[in-house]
Every structure is written in structure tokens, then in C-alpha cells.
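Topology and contacts: notes
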Amino acid sequence: MKDSHSNIIEVAVPLPLDTTFHYRVPPELRGAAAPGRRVLVPFGRRTVTGYILGFGTDEGRELRTIVDLLDEAPLFTLRELELYRWAASYYLHPLGEVIKAALPAGINIQSRRGSTGHSGGELTGGRSVRTETVYRAAAGAMERPAPRGKGAQLLAHLRQAGETTTATLRELFGDCASPLRRLRELDLVESEAREVYRDPFREEAVEPDSPLPLNAGQAAALGQIASALDAGRFAPFLLLGVTGSGKTEVYLQAIARVVAQGQTALVLVPEIALTPQLVNRFRRRFQCGIAVLHSGLSDGERYDEWRRIRRGEATIVIGARSAIFAPLERLGMIVVDEEHESSYKQGEGFRYNARDLALVRGKIAGASVILGTATPQVTTWHAAASGKLTLLELPERVNGMPLPPAELLDARGQRGETLLSPLAAAVADNLDRSGQTLLFLNRRGFATWLTCEECGHVLRCPNCAVTLTYHQRKNRHICHYCDYAIPAPSVCPGCGSGQVTLLGLGTEQVEMRMRERFPEARVERMDRDTTAGKGGHARILRRVAERKTDILIGTQMVAKGHDFPGITLVGILSVESSLNIPDYRSGERTFQLVTQLIGRAGRGENPGRVLIQTLTPEHYALTHAVAGDIEGFYATELAFRRDAGYPPFTYLAVFYLTGTSPSATEAESDRLAAHLRDLRAEQGGRIEILGPVAAPLAKLRGRFRWQILLKAPNRSALHRLLLRNQRTYAPSSGIRLHVDVDPVDLM
DNA sequence: CGGGTCTAGAGG
DNA sequence: CTCTAGACCCGG
């Protein structure tokens, strides 16, 4: 059997199967079959698209023959396949589905139960290349008699302007389809179909700019990155810098060096931060091709951007999570901006973390990887402290302005007050001085729960173990986990008493109270309920930027990505909702949130101030955030985690089971937990199984979800158990198992 | 995943 | 005895 032109190929199919399949290639396609190309293969009684992984040998089994070979060139390289294989094994997800997720959506062909009822069924799907028609005057057409009227105008234009598209001709001459047809018949013009890209940002040209001068911290950081680039080996960095410390300028100048070396760069940003402003900053700086990948693109636009990248027409790719799979070759650098952001995690299907894959891809490619943030993940900090990442610090803000002073207000014994008096006074004072105020509360809706004074009944979601939040505008009680909703009852559903009370403050109620209290102020609310629909964010942000808003009330989304230069007062109404989440990361999350909010204030000429109402003013996450003491926070958090046996000192995986009925999903989670306990006993390892966890049964898009946590003292013990489980445990039908491995020790 | 087959329970 | 919903099994 010849190895490189074998007639047997190994194929991965995008289905939840943990095996690959072998097929025979007919002689006429033999030389063309190559890893990375797709094939149409008979699969059971269907025809599906698969991916060629490589060549195989005859194992004596009866093999079926491929139906067709797709793609003129491979869609992925062997290096990319190495990344896919790593991800499939690490996230315990079928390789075919990993490849499908890595390639642009909608390109695969599947057979359907065809209504026309042909034997193979009809083939559907496949993303097409868009073409446009261009016209040009035919060579040597001068002698022939010229037509009259519109035809003459068109011909004159084409002789002068050369090739012109249908769209341009229509713009210039109106509808001209029939004269053009006539000209073609007379052989006076010729036409050609040309491939075009659906350009997601066909914007007007931007003014080029040049590199900004760097401060000492930036220059030192850039110097270290530059020497790693010159060495041309994998080098991971943690770039630590507060909001406004000029991380982006460091990325830009480092990437300039990468481009100058003839290499390419990949920039990952959280979805929400992928604004035209950021992209334009890159477009102003670089003349080379820039491709942008984000969730707002249509399948066609995404496919076109992908093809531009694959053909080497883009040198820099900027994108959200899924851009980690962008088909760049000669990759010199990967930037992961705001590396702590949870939006790098894909939470459905193939559950990967693009921040982690960035390190793996960087290692495979021999590239530098920069993780940039003011508030790293605790695991990232630990990796830097133990020398696995090189720490680069940007200690000061570029404009020299210090971070605004922050203070904690003790809210104990003052329940029922929306704003404590120092914060209320600060808002009034800020209004007097025409400053803008940001009030943060991480809870949308009017009130968090309804309780009965008589019998103590609390409204809860029947699917999820959480209370229903009252929304005044809809007059409904809604589950924020699964969107289950009921109309607001007038009496207690438990005992019929009329004595029901709404408790727990939400943004909707804060908005109402602020309008009552400051009737002259222009109040806006920014949360999922007010930003629904496209352009919802932009509308609110524009009014804030134009100073048409005095008080902005917002949830989580105001802490991320957006710049509010006019904000001179930040009030945090409660951090308890973030602090009291029963998750070992709640301290970390709260520290990140508060630190990011402090960075939102005083980006202008006034440093502003930050006031935080809390019931736990001694909590280390808050005291360190308020003091700007990053080292102190991480030291305390790591000591706590070491004692409690949490990551990064133990390793953790989360199993998610989803099914369509709550009882079946719950029963399955018991079965899985029992199975895992058996495996643990058999292995004799020190692996701890937490669960099935009571709270998180949640309905997501019609499916119920249950989770189980696994803790292990090291990664290999955890992975041995996970792999063993994957081989020995089969979920019952209708139930799917997903695995989130968190966190990781990749190096 | 999708579809074929096998099976238990309800209905006639 | 027939019909059907759901479990289960397989795909090269």
C-alpha cells in the first residue's frame, strides 16, 4: 500500500460519534484526495459531508466508496488539524464537530429526506461564492457599425472606462439590461462573471496614522515582546494594565513588527468590544489586509472573510471567540484582549475557551501570545507567578491621570434605601456640576422575588431552582435562567392571602426611584430589556456620549468594553448578587467587576469618584479593588483557593447533561454521577465528585440542563477519568453530555 | 444526528 | 392481535 496516494482515506464526520471512518477513493479521484479536503460520503443510508484527516490502510473490512470529493484545495492545514485534534481530545468533543465549528458555517452538504423522493435523497446546503458580471468593450470592435441611443452611450463609456460592473452601469445609465444584451449579441462588448467578496465593512477610507510615543512601561513591554518575536519561538505573555494604560498601542506596535517580518497576526477581543472604532484604529495604522470576524456577519460574509484569509489576502484578523480558528498561515502573534472575559467561552455544543486555544495554537505555530487585561483570571495570574507566562506591567495611565478614588459605604442596617445618603448626596452634587453618573446594579427587572407575608410562599421557577423576577413593564414574573414567565398574581398562589410583598432591588426599580428623586435629571437604563434588538446599545451609548443623559443605570454590560469619558461618578448599588453566587470564582468575579467599574470613571479631565454600597465592606475582593491592590487581591485569593482545594491547585471539569424532560435529565445525572463514582473507586485516585448539583437545572432553548463537577489534584488524573468515562458511559437517548474543562494547565 | 429495529403497553 | 411511542443501536 502506497502511503501518500493510498486509495483509503480516514474521514471525520460532524456527528456526535467518537470514531473516525475509512472510505475507498475511486481511481479517478485518487491523486486529488488530500487531508483538509471535504468529501461526500455514504453514511448509513444518508450522504453526509466529512473531512479527510489522512490516509489509511486496509484493515480487511469492507469499505464503502466516497460519493464525491469537494473543494479544489484543502480547507485546513495539518497544523490546523493538530489544533482541532488537541481541542477534540481536551474538550472531549467529536473531532468532526470540532472541525465543523472551526470552518465557516453553512458550507456543508447533507442529504435530506427529499420530498421528490429520489433514491439518494436530495442534497442541500453548501455556501456559494458570489459573483458579479463585468462588461468591457470587445477588442477590435471599432470597425463595426456603432449602435444608436443608449447602446452608443454604454459602448462609449466602456471604451473609455474599461471594465465596469452591472451595478455601476445601472447607477450611471438606469436600467440598461436590454441594450447590453443587444451589444453582446453584436459582439461589441463582452462580459465575464467575476468572484466578489461580500464586504462587511465597505466603509470610506480612513486617514492613516502613525505610532504614538510610548511611556516607559509600554516601551519596556514592547521590547520584551520584540525580542521574543525575533527569536521566533512560542512565547506567552501576560500584559497587565489598567483601563487607559495603553495596551492597544502595545498590540499595534508589536503587530507592526510581526507584519514587517512577513508574518500574520490574530487579535481576539470580547464580542462586545468589537466596535468599528477598534477596527478603524487598526485600519488607520496598517495598510495590509485586515479581516474582521464577528457574530454580526451573515454566513455569506463570514465565508468571504474566511476565504480572503485562507488565500493570504489578510495579514491581520480581528475577531471574537470563533476567530481563534481563522486560517492564517505564518502566524507570528496572537493577542487575547481582556483575557478574563467569559465571552471567550463557547457555552453550547463544542464548549471551548478561545483564550486557552490561543495558547495552544501559539505553541503549535511558534508564535507569541499576549494575554492583555487589568484583571487576569486567577489561573492566569498563577501561571505568570510560576513563570509559565512572562509578566509585562503597564503601571500608569497614558494620560497620567490617576484612577478615581473609591470608597465603600456600609449598607448594613439600612435596608430599603435605594441610595445611601452619601451616594444620594454625591449624585445630587454631580448633577449640579453637570457631571454624568453611572449607577451599576447587576440585576435587571423591578424586584428579585415575591413573598407572602402570611405563609412565606416564594414564587419560584418550576424548571430552575431560582426565584422569579418581577418585571413591572410586562407585569409578569420571569425566570432569568430559562425565560419561564407567569402573569403577576394578585394574591398568594400558596394560601390566597392578599399580603404579598416584592423584595430585592432591580434596575427597573432604580430607574423609577431616580426619576422620582431627581425629576429634572435625564435618566436612562441600559440592560438586556432596554437594548433588545439591533442598535439598542448604540442608541443609548450615543445619548450618553452626546451628554443627553445625566444618570445611566446599567447591569454588567456597562462594565464591559464601552468607554464613557464624561462619567465623573460611579455608584455601585450592590455587589452582593455577584459576591453571593455559590461559585468558587465569585470573589474573583467581583474583584474584576469592581476594578473594571472603577476604570470607567474619570477618563476625561476630572478624575471623578466611585462609591460602593455593600453589606460586606470587609470582604477582601472589595477592599483590594478599592485600594487598587492587585497583588494583594491575588495573594489572598490564591491562599484561599489553596486551603479550600480549588483551581489552580486542583483541576476541575464540569459535566453538563441536557435533555428534553426534567425528570429524565435528573435521572440521567444520577446515573452519570454513580458511574463516575465507580470509575473513581476503580482508579483509586483522589478525585472528588461534586454533584449532581441541586441548583442548576435550567431550561435552555427547550432543553433541561443539569451539571456535575469533578475535582482532581492534577490534570492527568482528571483527564484519565474523563477519557475513561467517555469510553464507558453512553448517555441514554435524547440526552447529551457536554464537558467544560476549567481551568487548564496547558504548558 | 437520523433512521431502522426492537419491545412493552394500550386498545380492539 | 395490531398499533405506536419510546429505547436502543449503528454508521466504515
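Residues numbered from 1 in each chain as written. Chains lettered and ligands numbered in written order. Predicted model: local features only at pLDDT ≥ 70, side-chain atom pairs only at ≥ 80, totals over all residues. Heavy atoms only, no water.

**Considering the nonpolar core**
- Tyr84, Ile99, Leu266, Ile324, Phe325, Leu710 and Leu722 are the most contacted members of the largest nonpolar core, which has 75 residues in total.
- Ranked by residue count, the leading element in this core is helix α10 (residues 354–365), at seven residues.
- In this structure, Trp381, Val594, Ala621 and Leu638 belong to the second largest nonpolar core, which totals 36 residues. (Core = buried A, V, L, I, M, F, W, Y, C linked by side-chain atoms within 4.5 Å. Buried < 20%, exposed > 50% of the residue type's maximum accessible area, 1.4 Å probe, protein only. Helix = DSSP H or I, 4+ residues; strand = E, 2+ residues; numbered from the N terminus.)

**Section: the protein's contact with DNA strand C**
- Close to DNA strand C lie 13 residues, the nearest being Leu17, His22, Phe43, Arg61 and Arg64.
- In the model, a sugar or linking oxygen of DNA strand C is placed 2.4 Å from a nitrogen or oxygen of the His22 main chain.
- At a separation of 3.0 Å, a base nitrogen of DNA strand C approaches a polar side-chain atom of Arg46.
- At the level of elements, β2 (21–24) and β3 (38–43) are the ones that each hand at least two residues to the surface near DNA strand C.
- Looking at the surface near DNA strand C element by element, the count peaks at three residues for β2.
- In terms of residue class, the surface near DNA strand C is made up of six nonpolar, four polar and three charged. (Near = heavy atom within 4 Å. Polar contact = N/O pair within 3.5 Å; in protein donor to acceptor, adjacent residues only side chain to side chain. Nonpolar A, V, L, I, M, F, W, Y, C, P; charged D, E, K, R; others polar.)

**Overview of the UniProt feature "binding site: Zn(2+) 1" (unreviewed entry) in chain A**
- The UniProt record annotates "binding site: Zn(2+) 1" (unreviewed entry) at Cys452, Cys455, Cys492 and Cys495. Look at the named residues: they lie 44 residues apart in sequence, but the longest C-alpha span between them is just 8.6 Å, so in the fold they bunch up.
- Among the structural elements, Cys455 can be located in the loop between β21 (447–452) and β22 (469–471).
- Of the residues examined, Cys455 reaches a relative accessible area of 41% and is grouped as partly exposed.
- Apart from residues no more than four positions distant in its own chain, Cys455 is found in contact with Cys492 and Cys495.
- The topology assignment puts Cys495 in the loop between β24 (485–487) and β25 (500–505).
- Leaving out residues up to four positions away in the same chain, Cys495 has contacts with Cys452, Glu454 and Cys455. (UniProt positions renumbered as here; feature names shortened; annotations may be inferred. Contact = heavy atoms within 4.5 Å.)

**Here we look at the domain arrangement of chain A**
- For chain A, the domain assignment lists domain 1 (8–124), domain 2 (131–195), domain 3 (216–394), domain 4 (407–447 + 504–642) and domain 5 (651–741).
- Across the boundary between the two partners, domain 1 contributes nine residues, which contact eight residues of domain 5.
- Between domain 1 and domain 5 lies a buried interface of about 810 Å² when both sides are counted; carbon and sulfur atoms form 57% of it.
- Together, Tyr90, Tyr91 and Leu92 form the three largest contributors to the area buried by domain 1 at its contact with domain 5, with a combined 68%.
- Our count for the contact surface shared by domain 1 and domain 5 stands at zero residue pairs in polar contact (both at pLDDT 80 or more).
- Considering each element in turn, the side of domain 1 that touches domain 5 owes the most residues, three residues, to helix α1 (residues 78–90).
- For the side of domain 1 that touches domain 5, the class distribution of residues is five nonpolar, two polar and two charged. (Domains from an automatic or database assignment. Buried area = accessible area lost by both parts, 1.4 Å probe.)

**Brief notes about the UniProt feature "domain: Helicase ATP-binding" (unreviewed entry) in chain A**
- Look at the UniProt record and you will see "domain: Helicase ATP-binding" (unreviewed entry) annotated at residues 228–394.
- This span, residues 228–394, is 36% helix and 23% strand, and a straight line between its end C-alpha atoms measures 18 Å.

**A look at helix α11 (residues 378–385)**
- The buried count for α11 comes to six of eight residues, which makes it a mostly enclosed element.
- For α11, every residue scored as buried is listed here: Val378, Thr379, Thr380, Trp381, Ala383 and Ala384.
- Along its buried surface, α11 packs onto β12 (235–241), α10, β17 (368–373), α16 (586–600) and α18 (630–644).
- Two residues or fewer past α11, Gly387 is found with a positive phi of approximately 85°.

**So, the pairing of strand β13 (residues 264–268)**
- Judged by how many residues are buried, β13 sits mostly within the fold: five of five residues are covered.
- Residue alternation in β13 divides its side chains into two sets, Thr264, Leu266 and Leu268 and Ala265 and Val267, and both sets are buried.
- With five bridges connecting them, β13 and strand β16 (residues 331–337) associate as parallel partners. Each bridged residue has a counterpart across the sheet, and for Leu268 the counterpart in β16 is Val336.
- Of the strand pairs in this sheet, β13 and strand β15 (residues 316–319) are connected by four bridges, and their pairing is parallel. Each bridged residue has a counterpart across the sheet, and for Val267 the counterpart in β15 is Ile318. (Pairing = 2+ DSSP bridges.)

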